[in-house]
Amino acid sequence: MTPTSADLASRRRTRVYWTCHLLRWLPLGFVMPVMALLPAQKGLSTAEIGLIFGVYTATAAILELPTGTLADVVGSKPILIIASVLEAICFTGFLFSDSPGEFCTAVALGGVGRALNSGSLEAWYVEGMYTERPSADLRPAIGGAMFITNAAVLIGALTVAVLPRLPDTLTENVSEPALLPFLAALPCSALQILAVLLLIREPRRGKGTRRVLRTLASCPAVAWDSIQVSLRQRNLRWLLLAGVGVGVGIGAVETFWQPEFARMIGEPAEATSMLGLLVVASTASGGVGSLLAARMPERIARRKDLLCAGLLVLIGSSIAGMAIAPSPLVAGTCFIGVYLFLELRAPLAQTLLHRSCPTGRRASTLSAYSMSTNAGAVVASLGLGTILGGVGTSAIWLVAAAVVILASVAYLRLQSNDSPPTAATSPAATAAAR
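We now turn to the structure provided with this report. Note that the structure is a prediction, hence the values are computed from the model and not measured. (Residues numbered from 1 in each chain as written. Predicted model: local features only at pLDDT ≥ 70, side-chain atom pairs only at ≥ 80, totals over all residues. Heavy atoms only, no water.)

Thoughts on the overall build of the chain
To keep it simple, the criterion reads: Under the scheme used here, helices are H or I runs from DSSP no shorter than 4 residues and strands are E runs no shorter than 2 residues, and both carry numbers assigned from the N terminus. The cut-offs for exposure are 20% and 50% of the maximum accessible area for each residue type, with area from a 1.4 Å probe on protein chains only; residues under the lower value are buried, those over the upper are exposed, and the others partly exposed. Note on contacts: a residue pair is in contact if any heavy atoms of the two residues lie within 4.5 Å. Every accessible area reported is derived by Shrake-Rupley at a probe size of 1.4 Å, with residue values counting cover from the shown protein chains alone.
On a plain count of helices and strands, the chain comes out with 19 helices and zero strands. For the chain, the residues scored as buried account for 56% of the 434 residues in total. Excluding contacts between residues fewer than 6 apart, the proportion of contacts in the chain whose partners are at least 24 apart in sequence is 86%. As displayed, the chain offers around 18,100 Å² of accessible surface, 67% of which is attributable to carbon and sulfur atoms.

Describing the pattern of salt bridges
Which entries qualify depends on this criterion: In the sections that follow, a salt bridge refers to a side-chain nitrogen of Lys or Arg positioned within 4 Å of a carboxyl oxygen of Asp or Glu.
Applying the stated criterion to the full structure yields three salt bridges. One salt bridge connects Lys-42 with Asp-98, and the closest N-O pair in it is separated by 3.6 Å. Placement of Lys-42 in the loop between α2 (37-41) and α3 (46-74) and of Asp-98 in the loop between α4 (76-96) and α5 (100-117) is noted, with a sequence separation of 56 residues between them. A salt bridge links Arg-303 to Asp-305; its shortest N-O distance comes to 3.2 Å. Asp-305 gets classed as buried once you look at its relative accessible area, which sits at 14%.

Description of the nonpolar core
Defined as follows: Among buried residues, the Ala, Val, Leu, Ile, Met, Phe, Trp, Tyr and Cys ones that are joined through side-chain atoms within 4.5 Å form a nonpolar core.
With 94 residues, the main nonpolar core has Phe-94, Trp-257, Met-322, Trp-397 and Tyr-411 as its most contacted residues. When residues in this core are grouped by element, the largest group, 13 residues, is from helix α12 (residues 234-265). For Phe-94, the contacting residues outside a window of four places in its chain are Met-35, Leu-38, Pro-39, Lys-42, Phe-103, Ala-106, Val-107, Leu-179 and Phe-182. Core analysis: the next-biggest nonpolar cluster, separate from the first, contains 19 residues, Cys-20, Val-126, Met-129 and Ile-200 among them.

Considerations on a nonpolar patch on the surface
Operational definition: Grouping into patches uses exposed residues only, defined as over 30% relative accessible area, and leaves out salt-bridged ones; the cut-off is 9 Å for like charges and 5 Å for nonpolar side chains (Val, Leu, Ile, Met, Phe, Trp, Tyr).
Taken together, the side chains of Leu-191, Leu-194, Leu-197 and Leu-198 define a hydrophobic patch exposed on the protein surface, amounting to about 390 Å² of accessible area. The residue Leu-197 is located in helix α9 (residues 180-199) in this model. Taking relative accessible area as the criterion, Leu-197 reaches 43% and is therefore assigned partly exposed.

Description of the environment of Arg-237
Mapped onto the fold, Arg-237 is located in helix α12. According to the relative accessible area criterion, Arg-237 is partly exposed, its value standing at 38%. Along the chain, Arg-237 and Leu-414 lie 177 residues apart, while their C-alpha atoms are 9.3 Å from each other.

Structure (structure tokens):
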């Protein structure tokens, strides 16, 4: 059968969506294995590292909804460009930072970039798909994007595992082994900016100072309306609550796993390499999870609520396994399991979220969900890190595991919602559309 123009447009949109995901996550793949290790190699304590990650997640959490509103009102393309530039500045900041204050400044800019990036590309994709095909099944495309994201991180992590083994003549001017991935990330960030400029297409919006000011003036109304929508809709309330629980678990893992595993491994250069290999393994398992979700038979995938609840229990159990593991091998296996179950859950959970989003509020709603996970991560990095940091990382992980398992109840409280999302029709929606 000859593909229609709508088929061709949908395929192009999916290709662009996947390409931009690849280029966004490739530089992050370089730096993720060593983002906490570099401050540790420069002499910062566990509490200071927790503070740095707390600033990062808190900045992103505070700005999630305002930046999501900007994407809904102004458009995804300019927001994605600004986000890419800020993340590149963050990577550059890590190269030159030595004190907690300098690292906090760098991650604050990175947090702004993360908030701007949150949901903007996916909202651009989903709005276009629902416009062309109101009953489109998003799970395969979102699962494919998450697989590509994992592939990008995997490529970066593999590179990180190799960088410390380069000949001394190539690395003699680098003071710390963990600096090398940040140097590799900067050219990739430039490619990311170029891809957004050339590939993302959006309807032309009105120009002129008066139009721009009117558009920006509507942002508070749109943000407030998005909050009201989230509070009014039963499913959105429970999904946001589940996001907080997931954020606590993943925040506890991502903030403290690098220093904890580095402590178990020992020598700094070897730790850099081994942490890269752990990211490789966990990313590969995440890729398997996202592929399984994308290719899951519909007769199984239609009970997304039960699947997400069960997977949260498995994620929490894996975090608890890291806490009580008797050896680095067992802890590493549990760490890999966290990301397998997390990525298997993600496309299913995102599909549930999109089915609850009103049209025209998609980026705002996605940002609200991301804000909920960031809020949970702040609780883990700052709250649990401060209260239980003196007891040890195991205590932090056990508490986080309990929170994640408890959050699984939220998915069991969801009501069935198989109808396409409807447009927001409030005065705020009208203001944004003018």
